[in-house]
Each structure stands twice: as structure tokens, then as C-alpha cells.
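# Fold and contact review
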Amino acid sequence: MGDSLKDRVRQKLQRQLAQDGPDPEQDDARTIAVADDLEALEMVQADDPLIEELAQRYLVF
């Protein structure tokens, strides 16, 4: 299994969601943004520029 940039970004986003956890009291804008980015990541091909943009946004090297 390769360790592509897309894989690393996916892992980072999933870690952030797991660490933040859901807040039953309110919708957290940051959690929603991370979840939306993860969904967008899953919809693109491995060479899509969105992956590089997300990698920069979430500091994935």
C-alpha cells in the first residue's frame, strides 16, 4: 500500500476529526470544515490540485 499525499492528507483529517470529537451542544465550524474537506478529498483523483491545497492547509508533508 502506497503512502501517497492523498493518503497522508486523509489520515491527518481523520485524526483531527477523531481528536476533536463531536460536540452535542453545538455544531463546531472547524469540525464541519474538516469533515467537508475530507469528503471533497474522497471525491477527487490522486492528481487533483485540491490534494496539494489541503496538504498545505493542514500542514501535511
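To be clear, the structure that these remarks concern was listed above.
It should be emphasised that the depicted structure is a prediction, and the values quoted were computed from it without experimental measurement.

### Comments concerning the nonpolar core
In this structure, Val9, Leu13, Val34, Leu38, Leu41, Val44, Ile51, Leu54, Ala55, Tyr58 and Val60 together form the largest nonpolar core, which totals 11 residues. With near-sequence residues (within four places) excluded, Val34 lies in contact with Leu13, Gln16, Leu17 and Tyr58.

### Overview of the pattern of salt bridges
Two side chains with opposite charge may pair up if their charged atoms get near one another. This structure, assessed with the given rule, holds 4 salt bridges. Residues Arg57 and Asp37 are paired through a salt bridge, measuring 2.9 Å at the closest nitrogen-oxygen approach. Of the two residues, Arg57 is situated in helix α3 (residues 49-57) and Asp37 in helix α2 (residues 29-42); the sequence distance between them amounts to 20 residues. By relative accessible area, Arg57 is classed as partly exposed at 44%. For Asp37, a relative accessible area of 13% gives the class buried. Taken together, the salt bridges that share partners define one network made up of Asp7, Arg10 and Glu42.

### Here's the deal with unusual backbone geometry
One non-glycine residue, Leu59, lies in positive phi territory at about 55°. When you line up the elements, Leu59 lands in the segment after α3.

Basis of the calculations
Every residue gets a number counted from 1 within its own chain, in the order that chain's sequence is written. Given that this is a predicted model, residues contribute local features only at a pLDDT of at least 70 and side-chain atom pairs are listed and counted only at 80 or more, while totals for whole chains, interfaces and linings are drawn from all residues. Hydrogens and waters are ignored; side-chain quantities use all the structure's heavy atoms. For the purposes of this section, nonpolar cores are sets of buried Ala, Val, Leu, Ile, Met, Phe, Trp, Tyr and Cys residues that join through side-chain atoms within 4.5 Å. Burial classes: relative accessible area under 20% of the type maximum marks a residue as buried, over 50% as exposed, and values in between as partly exposed (1.4 Å probe, protein chains only). Here, residues are in contact when the closest pair of their heavy atoms is within 4.5 Å. The term salt bridge refers to a pairing of a side-chain nitrogen on Lys or Arg with a carboxyl oxygen on Asp or Glu at a separation within 4 Å. The way it works is that DSSP assigns letters per residue, a run of H or I at least four long becomes a helix, a run of E at least two long becomes a strand, and they are numbered from the N terminus.

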